[in-house]
Amino acid sequence: MKEKRKRHTVARWWLIGLLTVAVFADFIANDRPLIASVNGETRFPVLHEYGETLGLAEHYSPVVRSWKRVETDWAIWPVVPYSAGGTDLKNGNYRSPFGEQDTGDRARHWLGTDELGRDVAAGLIRGTRIAVLVGFGSVLISLLLGIPLGGIAGFFGNHGLRAPRYHWWGWAVGGTLGVLYASLSLIPFFRLESTVAITGLAIGCFALGGWLFRSLLSFIPPLKKETAFPADTLVLQGIELFVNIPALVLLIALIAIINQPSIGIVVLIIGVLRWPSVARYLRAELLRIRSLPYIEAARVNGIPKWRILFRHALPNALGPLLIVSSFALGGAVLLEAFLSFLGIGIPADEVTWGSLLRQSRTHPQAWWMAVFPGLLLTGTVLAANLLGEEG
């Protein structure tokens, strides 16, 4: 038992370390100083870069193209004074970490370089950010889809939700058309930083379309008859549909159709493909919980069904989701690395663990291009799986 707790602790700290590196990646590896004094003026180039991106700061005057060539009074550089996309042509053509390097007064490439002289350590740090974005982002999307669907299916079953027929047909038809309209209109403009806004717009289109069709259908007399909504059957059919389609084949096909390399689209598609596992485990747990005495007591006391679900049943059913989320995290990171290795879906200028591994395939002598990304990838997947097993 003590050994299990020790493995659990190591796995947790590994993932916390990756998250920390991802958040502070620009402060760990960058070709700009953290702090620099130029002609008596103290500057913060890395922070200033964030300000320029957000439109909160103007460019330095004169504009600094390369801080390596600026004469500074003094400067504090990041631990790795190279950016992931910066090239060092003097050390191109795969320089080994332990081999001879022509660095001059610049820092050594401690983990070697690739064909264009790009620092491998900086690439690994940048790749960590991409892996964390894809892993945690896709898990979040799968939870946002799987929890409502699995919760409704498991708690209400096929007979727990009753309403007039126009209510169900209105939301089904109008909501579907609204989401399709939002998807077709917004996918060409999809960016990772606008995920929340675009998701909000899709939900808004779903609500508006459902409300409009529900209002129109409410005037048809045959649709006013009350009926039960077969939530459990529909969710199970959806789970079966997604489970029986090979996820990797479907992912590659969807990315090929969209034909727009984007990390945000990869996150969205992986998250959508992962929701069945979340819904299935949550449904199974709620099937057990809904027959427990405290749920029956709440029903007898007249507490509304939705309040029982959110206040009493759902909080006690989240345990299995932590296990599923841990395995999904490792799977998403591995899938992103696989896509990067194939050069699919991820922009060509992004440096990821998979893109570094791809270079080792074309130049097997550069062992460091395979060893270091491979160790990070293996450690991350192993840590996620250990958390799932111990959860």
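As shown above, the structure is provided for reference.
Residues numbered from 1 in each chain as written. Predicted model: local features only at pLDDT ≥ 70, side-chain atom pairs only at ≥ 80, totals over all residues. Heavy atoms only, no water.

## Looking at helix H7 (residues 231-244)
The α-helix winds at 3.6 residues per turn, so residues separated by three or four positions along the chain end up facing the same way.
(1) Moving on: For H7, spanning 14 residues, the distance from its first C-alpha to its last is 20 Å, which sits close to the expected 20 Å at 1.5 Å a residue.
(2) Moving on: Buried within H7 are the following residues: Ala231, Asp232, Val235, Gly238 and Ile239. Looking straight down H7, one finds its buried side chains confined to an arc of 130°; they lie on one side. Along H7, exposed side chains directed more than 90 degrees from the buried face belong to Gln237, Leu241 and Asn244.
(3) Moving on: The inward-facing, buried residues of H7 contact helix H4 (120-156) and helix H9 (263-289). (Helix = DSSP H or I, 4+ residues; strand = E, 2+ residues; numbered from the N terminus. Expected span 1.5 Å × (residues − 1). Buried < 20%, exposed > 50% of the residue type's maximum accessible area, 1.4 Å probe, protein only. Arc of directions from axis to C-beta. Contact = heavy atoms within 4.5 Å.)

## Describing the nonpolar core
(1) Moving on: One finds Leu124, Trp353, Trp368, Met369 and Leu377 to be the most contacted residues of the largest nonpolar core, which totals 30 residues.
(2) Moving on: Contributing elements (two or more residues each) for this core: helix H1 (2-23), H4, helix H12 (319-342), helix H13 (353-362) and helix H14 (368-390).
(3) Moving on: The greatest single-element share of this core, amounting to 10 residues, is contributed by H14.
(4) Moving on: Setting aside residues up to four positions removed in sequence, Met369 forms contacts with Tyr94, Thr113, Asp114, Val120, Leu356, Leu357, Gln359 and Ser360.
(5) Moving on: Membership of the second largest hydrophobic core comes to 19 residues, among which are Phe155, Ala163, Val278 and Ile295. (Core = buried A, V, L, I, M, F, W, Y, C linked by side-chain atoms within 4.5 Å.)

## Details of the side chain of Ser37
(1) Moving on: Among the structural elements, Ser37 can be located in strand S1 (residues 35-38).
(2) Moving on: Note on Ser37: relative accessible area 5%, which makes it buried.
(3) Moving on: Apart from the residues within four sequence positions on either side, Ser37 is in contact with Thr42, Thr72, Asp73 and Trp74.

## Here's the deal with the environment of Ala366
(1) Moving on: Tracing the chain through its elements places Ala366 in the loop between H13 and H14.
(2) Moving on: Judged by its relative accessible area of 1%, Ala366 falls in the buried class.
(3) Moving on: With residues up to four places along the chain from it excluded, the contact list for Ala366 reads Tyr94 and Ser360.

## Here's the deal with the packing of aromatic side chains
(1) Moving on: Inspection of the entire model under this criterion finds nine aromatic pairs.
(2) Moving on: Taken together, a centroid distance of 6.0 Å and an interplanar angle of 10° make the contact between Phe27 and Tyr50 stacked. In this pair, Phe27 sits in helix H2 (residues 25-28) while Tyr50 sits in helix H3 (residues 45-54), placing the two residues 23 residues apart along the sequence.
(3) Moving on: For Phe27, a relative accessible area of 29% puts it in the partly exposed group. (Phe/Tyr/Trp six-rings, centres within 6.5 Å; stacked < 30°, edge-to-face > 60°.)

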